[in-house]
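Overview (structure and organization)
As a plain string of letters, each chain reads:
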Amino acid sequence: MGGFLSWLRVQWDRTAAVAAGVIGLLVLVLGWVGVSGTPHIAEQLPYFISGGLIGLFFLGMAVALWLSADLRDEWRELRALRTMLAGTDTDKAGSIGSAR
Amino acid sequence: MSVSLLSDWARREPRAAVLGDDAPWRAGELVRVGVVAAVGLIGVAVAWYGASAQADWPDTLPWASLGASAVTVAMLGLVAWLMAALRQVRSLRREVMPWLETAVSTPSISSTVQTAPGADFVTAGGMTRFHQPGCPLATGKLVRPLTIEEARASALDSCGVCVP
């Protein structure tokens, strides 16, 4: 359990992405239920706004968080690689350091 | 410092904390994205509140437009954040790759590369990617050989550094 919580804490962005995706789908379904429950357009549009648009927002957030997590992992690996290469050659270390 | 020791260090390094991390995951960036997302959500809430108070559907259309605009603003904020992250990663990649190519061709490093004779690619326990036998990211690790067929059939991704 402690390991799982630790994993959730480390992978906060992927956890949030999954949560946002689930919320988005749930809101979309609720919006669809609301829209299908009334024949009047004036009553359907609030469901479209609350269900459709908010669901879309959460799904977009899920995608953004997941892509951000992938980018951040790549950033971390590249940064570790840069540190590793800087340690193998002092000349390179100076050049790399001055490049930042 | 030997490459194997550095590889072990890189493997042990914990995933960096959210706040205080390098750009674009610094606290300021995250707060900015959070504010834009909150503005979008508030806009949708206002649109929903306005639309639900109207009895005729033509009167609800402006509110629906407001909601769509609010979501668009929030999405653009998220996209801008992702684009900033992508630019940072590309910048770092451009910085590292020339040094990596030089380092791979340096005899002092090449001599420490642990190759697997006869293998098309290699991977190791805990890795999510497969590498060329001489890839620095596989150096010093207890690798196992992979054929092309095994690599294609596996769920492993290809390494972005040695590009097998």
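Quick caveat, the model's predicted, so the values are computed rather than measured. (Residues numbered from 1 in each chain as written. Chains lettered and ligands numbered in written order. Predicted model: local features only at pLDDT ≥ 70, side-chain atom pairs only at ≥ 80, totals over all residues.)

A look at the overall build of chain B
From N to C terminus, chain B includes five helices and four strands. Going from the N terminus to the C terminus, chain B shows its helices and strands as α-α-α-α-β-β-β-α-β. Each of the 164 residues in chain B was classed as buried or not, and the buried ones make up 29%. In chain B, of all internal contacts separated by at least 6 residues, the share reaching a separation of at least 24 is 62%. (Helix = DSSP H or I, 4+ residues; strand = E, 2+ residues; numbered from the N terminus. Buried ≥ 20, exposed ≤ 12 C-beta atoms within 10 Å, placed from the backbone. Contact = placed C-beta atoms within 7 Å.)

Here we look at the interface of chain A and chain B
Interfaces are often sized by the amount of accessible area the parts lose when they come together. At the junction of the two partners, chain A supplies 35 residues and chain B supplies 44 residues. Of all the elements in the fold, those that place two or more residues in the side of chain A that touches chain B are α3 (41-88) and α4 (90-99) of chain A. It is α3 of chain A that contributes the most residues to the side of chain A that touches chain B, 30 residues altogether. For the side of chain A that touches chain B, a count of residues per class yields 24 nonpolar, five polar and six charged. (Nonpolar A, V, L, I, M, F, W, Y, C, P; charged D, E, K, R; others polar.)

Topic: the confidence of the model for chain A
Residues and elements named next belong to chain A. In this model, chain A carries an average pLDDT of 81, and 84% of its residues clear a pLDDT of 70 or more. Averaged pLDDT values over the elements of chain A bottom out at 41 in α4 and peak at 93 in helix α2 (residues 12-36). For residues 89-100, every residue scores under 50 in pLDDT, and the model assigns this stretch eight contacts once sequence neighbours within four places are set aside. (pLDDT = per-residue confidence, 0-100.)

Regarding the nonpolar core
By size, the foremost hydrophobic cluster in this structure holds 53 residues, and its most contacted members are Ile-49, Phe-57 and Met-61 of chain A together with Val-44 and Ala-47 of chain B. Secondary-structure elements contributing two or more residues to this core are α2 and α3 of chain A together with α2 (27-52), α3 (57-105), β1 (121-124) and β3 (143-146) of chain B. A per-element tally of this core places α3 of chain A first, with 19 residues. Setting aside anything within four residues of it in sequence, one finds Ala-47 of chain B in contact with Ile-49 of chain A together with Trp-63, Ala-64, Leu-66, Gly-67 and Ala-70 of chain B. (Core = buried A, V, L, I, M, F, W, Y, C linked by C-beta atoms within 7 Å.)

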